[in-house]
Amino acid sequence: MLKNGDAPIFVRITINKERAEFGLKKSISPNHWDETKQRVKGKSISADDNNGTIEQLLKKIEAITAYMSMEEVDITAQLIKEKLIGKKEDRRTILKIFKTHNENARKLIGIDFAKETVIRYETSYMHTRDFIRCNISVKTYH
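Quick caveat, the model's predicted, so the values are computed rather than measured.

Participant: So, the pattern of salt bridges: which residues are in play, and what are the values?
Facilitator: Counted under the stated rule, the structure contains 7 salt bridges. Linking R12 and E21 is a salt bridge whose minimum nitrogen-to-oxygen distance equals 2.6 Å. Its relative accessible area of 49% is what places R12 among the partly exposed residues. On the accessibility criterion, E21 (38% relative accessible area) is partly exposed. R133 is paired through a salt bridge with E72; the nearest N and O atoms lie 3.2 Å apart. Here R133, found in helix α4 (residues 115-135), pairs with E72, found in the loop between α1 (45-70) and α2 (77-85); they are 61 residues apart in sequence, far enough to count as distant.

Participant: Would you mind going over the environment of Y67 in detail, with residue names and values included?
Facilitator: With respect to the element layout, Y67 can be found in helix α1. Considering only alpha carbons, one finds Y67 and N102, 35 residues apart in sequence, at a separation of 21 Å.

Reading the values: the criteria
Residues numbered from 1 in each chain as written. Predicted model: local features only at pLDDT ≥ 70, side-chain atom pairs only at ≥ 80, totals over all residues. Heavy atoms only, no water. Salt bridge = Lys/Arg side-chain N within 4 Å of Asp/Glu carboxyl O. Buried < 20%, exposed > 50% of the residue type's maximum accessible area, 1.4 Å probe, protein only. Helix = DSSP H or I, 4+ residues; strand = E, 2+ residues; numbered from the N terminus.

Structure below.
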């Protein structure tokens, strides 16, 4: 709670029980928050502004997750948060490294690699990708 009685608006992203949170740098009176809709009640300029910010954020999250899915990146709540708040850390995943390697090897067929070798690399990539997809939700705790 802020000194003026308003409450800050926080964003919580949860994926596979992993949470990431950050402040939206906006605040409202707790009486104006609609818990069910997760929006600010009313039609005031302030309510419209806050709700518009929330809508834009949701669209950004959808775009980020769509892009990450397309790039076959392991989607985590923390990674989405980093993308949203502008952290520019480039994560190198095993699949990205594998894919880059295979693309470079394909360019060198007949020079440094035989076509059959590159085909085996691509098959290995697909098996590794499928293994990760099948086992991504399996977590063990000791």
